[in-house]
Amino acid sequence: MTRKILVVEDEAAIRDMLCLILEQKGFSPEPAADYQQALDLLKEPYPELILLDWMLPGGSGIQLIKQLKQHELTRDIPVIMLTARAEEEDKIRGLDVGADDYITKPFSPKELISRLNAVLRRVAPMAVDEVVEMQGLKLDPATHRVSAHEQALDLGPTEFRLLHFFMTHPERVYSREQLLNNVWGTNVYVEDRTVDVHIRRLRNAIAHAGHDQMIQTVRGAGYRFSTRL
Ligand code: CA
């Protein structure tokens, strides 16, 4: 998880403030001062989310959202629009073209982070640094620690990411290809079989208290992480 956030805002003071708040919360902000710069920064690794000002030199935030929606790789990147109070009408238009939320200026750091986490929790739960716990199995993304009933478990980096993905996307079947895209990334070339190898390692690592049974093989489809055994 890159935790990269694209910050598109032409007012330097606001842009700097946004980047500072994001850095303090462990995100990696990438500032863009105008429309073209924002477009130039939209490449691999793509941001988890875009904070987008309404009025920009070189084009509008609305135009940028429309452009994002045209491309498969950028279509699903969530966008939070930054608007001024006078732009009430525009706010509705922003949501109409596909913005996920909006924040009215001026805003507090607390409000910004809580809106951002709310959107990420919905679309990219792995980007939120929150502890996840299920049936005594606990994963802390901030400290990279995993424990089973308070007993520390030793996981490799790939197994850690795989478990984080599973725990934030429970009760759904994922194909090997989907797991590769979500856990390894879209521009990494590894064989489907690699997934099976890491699933086996993950199961072994969490088997101590029987949590390995939560990773279920779904014949002909892939894997599912479930609390229902
Ligand atoms: Ca502006």
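Each remark here, short or long, concerns the structure printed above.
Fair warning: this is a prediction, and the values are worked out from it, not measured in the lab.

K.L.:
Would you mind showing me how to read the side chain of T168 here?
P.N.:
By secondary structure assignment, the location of T168 is in helix 6 (residues 157-168). Residue T168 is classed as buried on the basis of its relative accessible area of 15%. Looking at T168, its side chain comes within polar contact range of the main-chain oxygen of H164, at 2.7 Å. Leave out the neighbours within four places in its chain, and T168 touches P125, M126 and V132.

K.L.:
Which parts of the structure should I look at to understand the coordination of the calcium ion?
P.N.:
Within the protein, the atoms that donate to the calcium ion are D10 (OD), D53 (OD) and M55 (O), at distances of 2.1 to 2.4 Å. For the calcium ion, the single-chain donor residues occur in sequence as D-x42-D-x1-M. Residue D10 is located in the loop between strand 1 (4-8) and helix 1 (12-24), and its partner D53 is located in strand 3 (residues 49-53); the two are separated by 43 residues in the primary sequence. Residue classification places D10 among the partly exposed residues on the basis of a relative accessible area of 33%. In this structure D53 comes out as buried when scored by relative accessible area, which is 5%.

K.L.:
Please clarify how the pattern of salt bridges should be interpreted in this entry.
P.N.:
Taken as a whole and assessed by the stated rule, the structure comprises 11 salt bridges. What you see here is one network of salt bridges that share partners, running through E9, D53 and K105.

K.L.:
Help me out: how do you make sense of the nonpolar core in this one?
P.N.:
Buried together is how nonpolar side chains tend to be arranged in soluble globular proteins. By size, the foremost hydrophobic cluster in this structure holds 29 residues, and its most contacted members are L137, L163, F166 and F225. Those elements that provide at least two residues to this core are strand 8 (132-134), strand 9 (137-140), strand 10 (145-148), helix 6, helix 7 (176-184), helix 8 (192-206) and strand 14 (222-225). Sorting elements by how many residues they give to this core places helix 6 first, with 6 residues. Beyond its immediate chain neighbours, meaning those up to four positions away, L163 contacts L137, L139, V146, L155, L202, I206 and F225. Grouped together as the second largest cluster of nonpolar side chains are 22 residues, C19, L51, I103 and L116 included.

Cut-offs used in this document
- Residues numbered from 1 in each chain as written.
- Predicted model: local features only at pLDDT ≥ 70, side-chain atom pairs only at ≥ 80, totals over all residues.
- Heavy atoms only, no water.
- Helix = DSSP H or I, 4+ residues; strand = E, 2+ residues; numbered from the N terminus.
- Buried < 20%, exposed > 50% of the residue type's maximum accessible area, 1.4 Å probe, protein only.
- Polar contact = N/O pair within 3.5 Å; in protein donor to acceptor, adjacent residues only side chain to side chain.
- Contact = heavy atoms within 4.5 Å.
- Donors = N, O, S within 2.8 Å, 3.2 Å for Na, K, Ca; no water.
- Salt bridge = Lys/Arg side-chain N within 4 Å of Asp/Glu carboxyl O.
- Core = buried A, V, L, I, M, F, W, Y, C linked by side-chain atoms within 4.5 Å.

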